[in-house]
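Structural features, examined
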Amino acid sequence: MPGALQRPAVVSRLSELIGHTPLLELAATDTGSRLLLKLEMFNPTGTAKIRMARAMVDAAEAAGELRAGGRIIESTSGNTGLGLSVIAAERGYTFTAVVDHHAAPDKLRGMRALGTELVYVVDDGTEELATAAREELAENMARGQDNTVFTEQHNNPANGVGYYPVAHELNEALDGRIDILIGAVGTGGALCGTGRELSRLIPGFTVIGVEPEGSIAFGGPAHDYHQSGTGTPEGAEIGALVDFDLIDEGVKVGDIEAFATCRAVARTGLLIGGSAGGVVHEALTRLADLPPGTTMVALINDGGEKYMDTVFNDDWMSERDLLSPAAEREIDELLTKLRRNRWTTC
């Protein structure tokens, strides 16, 4: 994909700004290994998921399932919904997002501001993650309705296809020098879609999937977790896009560690989302033990601006026993050491 990193000087639709996201070297070792962050928050809506939102709508249109004046329905924790909100607005569709109160409030407010109809699967104020109930309601709402499509992100092949350009962007930017690709596993689209296409372009890299403790894709035990937009909660089916043959290693990171990492990374000047905190935590803790000269790329699927009411709110964190100054200090110290190496090895 020649020219994948080139962006038009002037565009006529917001969706034309999707992609071409930058890489940031967050940390490095004195042996020349480095951690690069693929900053997907530079997409419109501040998230990677607008990539697959567009791809799913493209696929529905190509199949004749969605025509002028049609309606899109999706179950979402927020980021997919934000992406679909933009695509629907641009193309004149109605979009209904089936949500729960586990989603970050800023994501829900953002969807509503973009003209989306929000339907709560439960409206009693509980923060319980209700993925299975959301999916069932969304499917029922679309069943039998003309010119209406349930995009079903967890099982829609177009989800993974939407991330193929990420692989081309990485390959072009790094000239094929990628040893490890690490990312969050929710629907599986971002990590597995990127990894599958990247495997066509370069050989021999390792894929590491990260899910929250409490999620079941890489085994139990199951319990509640607060990292939104990622993982597979108890009672939900593992998405068809989670390719266990592609993922070389699956790991779990707890909410405390993920959120402490978000807060520590923020003090370097970068705001990242909750699930990205889990990915960066895992990447940082293993960076020093990697073979010399290793390049590890972490997919950072959204920024931290949507989490001011949660991850970056001391009261919210304390009420849920998630605030850990000790964990933050540990990540601060690790980052300080690795960022010092970053400057001395440049």
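This text goes with the structure placed above it.
Report on the accompanying structure. Treat the numbers as computed from the prediction; the structure is a model and nothing was measured. (Residues numbered from 1 in each chain as written. Predicted model: local features only at pLDDT ≥ 70, side-chain atom pairs only at ≥ 80, totals over all residues. Heavy atoms only, no water.)

Turning next to the pattern of salt bridges. Within this structure, the stated rule accounts for 23 salt bridges. Here Arg-267 ties to Glu-328 by a salt bridge, and the two come within 2.9 Å at their closest N and O atoms. In this pair, Arg-267 is assigned in the loop between helix H8 (255-266) and helix H9 (274-287) and Glu-328 in helix H11 (residues 325-345), connecting sequence segments 61 residues apart. Among the ionic pairs, Arg-267 bridges to Asp-332, the shortest N-O distance being 3.0 Å. Within this pair, whereas Arg-267 is found in the loop between H8 and H9, its partner Asp-332 is found in helix H11, the two being separated by 65 residues in sequence. Each member of the salt-bridge network shares a partner with another, and the members are Arg-263, Arg-267, Asp-314, Glu-328 and Asp-332. (Salt bridge = Lys/Arg side-chain N within 4 Å of Asp/Glu carboxyl O. Helix = DSSP H or I, 4+ residues; strand = E, 2+ residues; numbered from the N terminus.)

Packing of helix H6 (residues 164-174) against helix H7 (residues 189-201) brings their axes to within 7 Å, and their N-to-C directions diverge by 50 degrees. What the angle tells us is that H6 and H7 run oblique. Here the hand of the crossing between H6 and H7 comes out right-handed. Where H6 abuts H7, its residues Tyr-164, Val-166, Ala-167, His-168, Leu-170 and Asn-171 lie against Gly-193, Thr-194, Arg-196, Glu-197, Leu-198, Arg-200 and Leu-201. Looking at the contact of H6 with H7, its residues break down into 6 nonpolar, 4 polar and 3 charged. (Axes fitted to C-alpha atoms, helices over the stretch in contact; angles between N-to-C directions. Parallel < 35°, antiparallel > 145°, perpendicular 65-115°, else oblique. Left-handed = near helix turned anticlockwise from the far one by under 90°. Contact = heavy atoms within 4.5 Å. Nonpolar A, V, L, I, M, F, W, Y, C, P; charged D, E, K, R; others polar.)

One open sheet accounts for 4 strands, arranged S5-S4-S3-S6; its pairing is parallel. Two strands lie at the open edges of the sheet, namely strand S5 (117-120) and strand S6 (148-150), each paired on one side alone. With strand direction ignored, the average angle separating the axes of adjacent strands in the sheet is 20 degrees. Sheet strands touched by helix H3 (residues 105-113): strand S4 (94-99) and S5. Its angle to S5, the strand with the most contacts, is close to 140 degrees. Helix-sheet contacts for helix H4 (residues 131-142) involve strand S3 (71-75), S4, S5 and S6, and the interaxial angle to S3 is about 160 degrees. (Pairing = 2+ DSSP bridges.)

Another point: the pairing of strand S2 (residues 34-39). The buried fraction of S2 amounts to 5 of the 6 residues, a majority that puts the element mostly inside the structure. With antiparallel pairing between neighbouring strands as the criterion, strand S1 (residues 23-28) and S2 make up a hairpin whose turn holds 5 residues, including Gly-32 at a positive phi of roughly 90 degrees. Strand direction decides the pairing type here: S2 and strand S10 (residues 295-300), joined by 6 bridges, are parallel. Across the sheet, the residue bridging to Leu-37 is Ala-298, located in S10. (Buried < 20%, exposed > 50% of the residue type's maximum accessible area, 1.4 Å probe, protein only.)

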